[in-house]
Amino acid sequence: SYKFWSTQPVPQFGEEPAKLIEEGPLKIQDVKDIATEPIPLALEQFRWVTMDLTNEHELEEVEKLLYGHYVEDDEAMFRFKYSASLLRWSLLSPGWRKEWHIGIRSGNTLCAFISAIPTNIRVRDKVLRGSEVNFLCVHKKLRGKRLTPVLIKEVTRRINLEGIWQAIYTGGIVLPKPVSTCRYYHRALNWMKLYEVGFSPCPPNSKPAIQARKYKVPENTSLRGLREMEAKDLDAVHSLLERYLKRFELTPEWNKEEVEHWLLHKKDAPGEQVIWCYVVEDDSGKVTDFFSFYCLESSVIQSSKYSSIRAAYLFYYGTEVGLTTPVDRSALKARLNALIADALILAKRHNFDVFNALSLMDNPMFLEQQKFGPGDGQLHYYLFNYKANPIHGGVNRM
Ligand code: YNC
Ligand code: MG
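Residues numbered from 1 in each chain as written. Chains lettered and ligands numbered in written order. Predicted model: local features only at pLDDT ≥ 70, side-chain atom pairs only at ≥ 80, totals over all residues. Heavy atoms only, no water.

With respect to the packing of aromatic side chains
Under the counting rule described, the total for this entry stands at 32 aromatic pairs. Centre to centre, the rings of Phe-293 and Phe-352 are 5.9 Å apart; their planes meet at 85°, and the pair counts as edge-to-face. Taken together, the residues Phe-293 in strand S11 (residues 287-300) and Phe-352 in the loop between helix H8 (329-349) and strand S13 (354-358) connect sequence positions 59 residues apart. Here the two residues Phe-293 and Phe-352 agree in accessibility, since each one is buried. Measuring from centroid to centroid gives 5.5 Å for Tyr-294 and Phe-315, while their planes differ by 85°, and the two rings are edge-to-face. (Phe/Tyr/Trp six-rings, centres within 6.5 Å; stacked < 30°, edge-to-face > 60°. Helix = DSSP H or I, 4+ residues; strand = E, 2+ residues; numbered from the N terminus. Buried < 20%, exposed > 50% of the residue type's maximum accessible area, 1.4 Å probe, protein only.)

Focus: the domain arrangement of the protein
Annotation of the protein at the domain level lists domain 1 (5-172) and domain 2 (181-384). Centre-to-centre separation of domain 1 and domain 2, based on C-alpha positions: 27 Å. In this complex, domain 1 contributes 38 residues to the contact, which on the side of domain 2 involves 40 residues. Carbon and sulfur atoms supply 60% of the area that domain 1 and domain 2 bury against each other, a total of about 3,500 Å² over both sides. In terms of surface lost to domain 2, no three residues of domain 1 exceed Phe-78, Trp-89 and Arg-122, which account for 23% of the buried area on that side. Along the contact surface separating domain 1 from domain 2 lie two salt bridges. Of the charged contacts in the structure, one is a salt bridge between Lys-81 and Glu-297, with a shortest N-O distance of 3.5 Å. (Domains from an automatic or database assignment. Contact = heavy atoms within 4.5 Å. Buried area = accessible area lost by both parts, 1.4 Å probe. Salt bridge = Lys/Arg side-chain N within 4 Å of Asp/Glu carboxyl O.)

Describing the packing of helix H1 (residues 56-69) against helix H2 (residues 84-91)
Where H1 contacts H2, the two axes come as close as 10 Å, and the packing angle between them is 105°. With respect to their mutual orientation, H1 and H2 come out roughly perpendicular. Where H1 approaches H2, its residues Glu-56, Leu-59, Val-62, Glu-63 and Leu-66 are matched on the opposing element by Ala-84, Leu-87 and Arg-88. A breakdown of the residues in the contact of H1 with H2 according to their chemical character gives five nonpolar, no polar and three charged. (Axes fitted to C-alpha atoms, helices over the stretch in contact; angles between N-to-C directions. Parallel < 35°, antiparallel > 145°, perpendicular 65-115°, else oblique. Nonpolar A, V, L, I, M, F, W, Y, C, P; charged D, E, K, R; others polar.)

Focus: the site of ligand 1
Taken together, 34 residues lie around ligand 1, and Phe-4, Trp-5, Leu-136, Gly-144 and Thr-148 are the ones closest in. The contact in question runs from a nitrogen atom of ligand 1 to an N or O atom on the backbone of Leu-136, over 2.7 Å. Compared with its free state, where it exposes 1,200 Å², ligand 1 has 87% of that area covered by protein. Every element with two or more residues in the shell around ligand 1 is listed here: strand S5 (126-138), helix H3 (147-160) and strand S6 (167-171). The element best represented in the shell around ligand 1 is H3, accounting for eight residues. Across the shell around ligand 1, the residue classes break down as 22 nonpolar, eight polar and four charged. (Near = heavy atom within 4 Å. Polar contact = N/O pair within 3.5 Å; in protein donor to acceptor, adjacent residues only side chain to side chain. Areas by Shrake-Rupley, 256 points an atom, 1.4 Å probe, with all protein chains shown as cover.)

Re the pairing of strand S7 (residues 180-188)
In this structure, S7 lies alongside strand S14 (residues 373-384), joined through six bridges in antiparallel fashion. In the sheet register, Cys-182 faces S14, and the bridge partner there is Leu-379. Across five bridges, S7 lies against S13 in antiparallel orientation. Bridging across to S13, Arg-187 finds its partner in Phe-355. (Pairing = 2+ DSSP bridges.)

What follows is the structure in structure tokens.
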């Protein structure tokens, strides 16, 4: 009974084929057949706007809409709090188009938003020139009015006008039809605060002080040659990432400019730091490993003591240890544990309260040993207008 989604070029439930299917688009279209006028907005009070996110004021309007109305957990205790810097990083990535930052205003008030960025997506051995749709948000007072299908049709139209026919998107809700499902895992860094805001419960057989001690991390990192990534590392990190990602079924394909955008922190960038990326350089000067994480805070909806939680999200990583044929899994597991142990120390040093990771890439090799616990949120992955067999894992998302 998906009134809208049953009309879209996405695989539907109950169409499970008995054997593997040939992967590819569901619907072939031509740019000349795409409407050049926006999808009509049924209610007169609303109008479409294209948001200029290079304009501080308009960026702040999107920040405010999301601050009040974006994704919450099931118990409405926490809400994602995307900073202006994080939105700039997420939405002004290489190839971004202003027309894909779409708002609906009522009067002068921004009351809904949806966005997309262009990206190359590799599904097993095929690379799609696609888009990534994110930050769909409708003001709480306008929920249940079927604005969402209109937003989705409008972003689809604007993407199609550029000759792009596929999209990747994720969500906590089940829609027709996930290609993959991942779970969030959380590793406390400041357990006492997480306890106080109601994020981390104290197990019945434990005590807060014992829990806090369990999650304490050492002061100093232990990998020899570990340092922040610099511009001179771009080619090495690009090459390592490209080779490492070949191990997985669903990944982005980045050029050098994209690696720079997504992984390299610019010291002169405006606002707060968003991305942290570290490399390991061996004695001969070769980059053998790297890992990265980004900062996304969550508002604590009800707490007198704390207004937000600072969370680090594990992003991309790679290590030469995973690239031998055949893969030496125990060596890889040991190396990933050493890398992530140091990532936790660095995140703690940068004042993060919790370190999050999804059950994707090689993460299952270190989650338990590094004391991550499963969260209750699931993340479903979707491909628009693409028929694919079930996929293991998924891409990291902002
Ligand atoms: C959702 N998250 O099923 P049916 S994730 C997609 N993604 O349609 P109404 C969603 N569809 O079932 P409301 C969706 N949530 O009748 C609901 N729907 O077929 C579908 N929350 O519309 C739903 N952000 O406007 C139903 O619903 C129809 O007023 C109902 O608004 C929903 O960014 C929402 O979670 C989510 O702001 C906007 O609750 C609102 O309830 C809200 O009556 C908090 O809508 C924030 C939140 C979602 C985060 C995200 C990814 C979005 C992907 C969208 C799909 C993109 C497809 C690809 C397009 C490009 C194609 C090319 C090329
Ligand atoms: Mg609505």
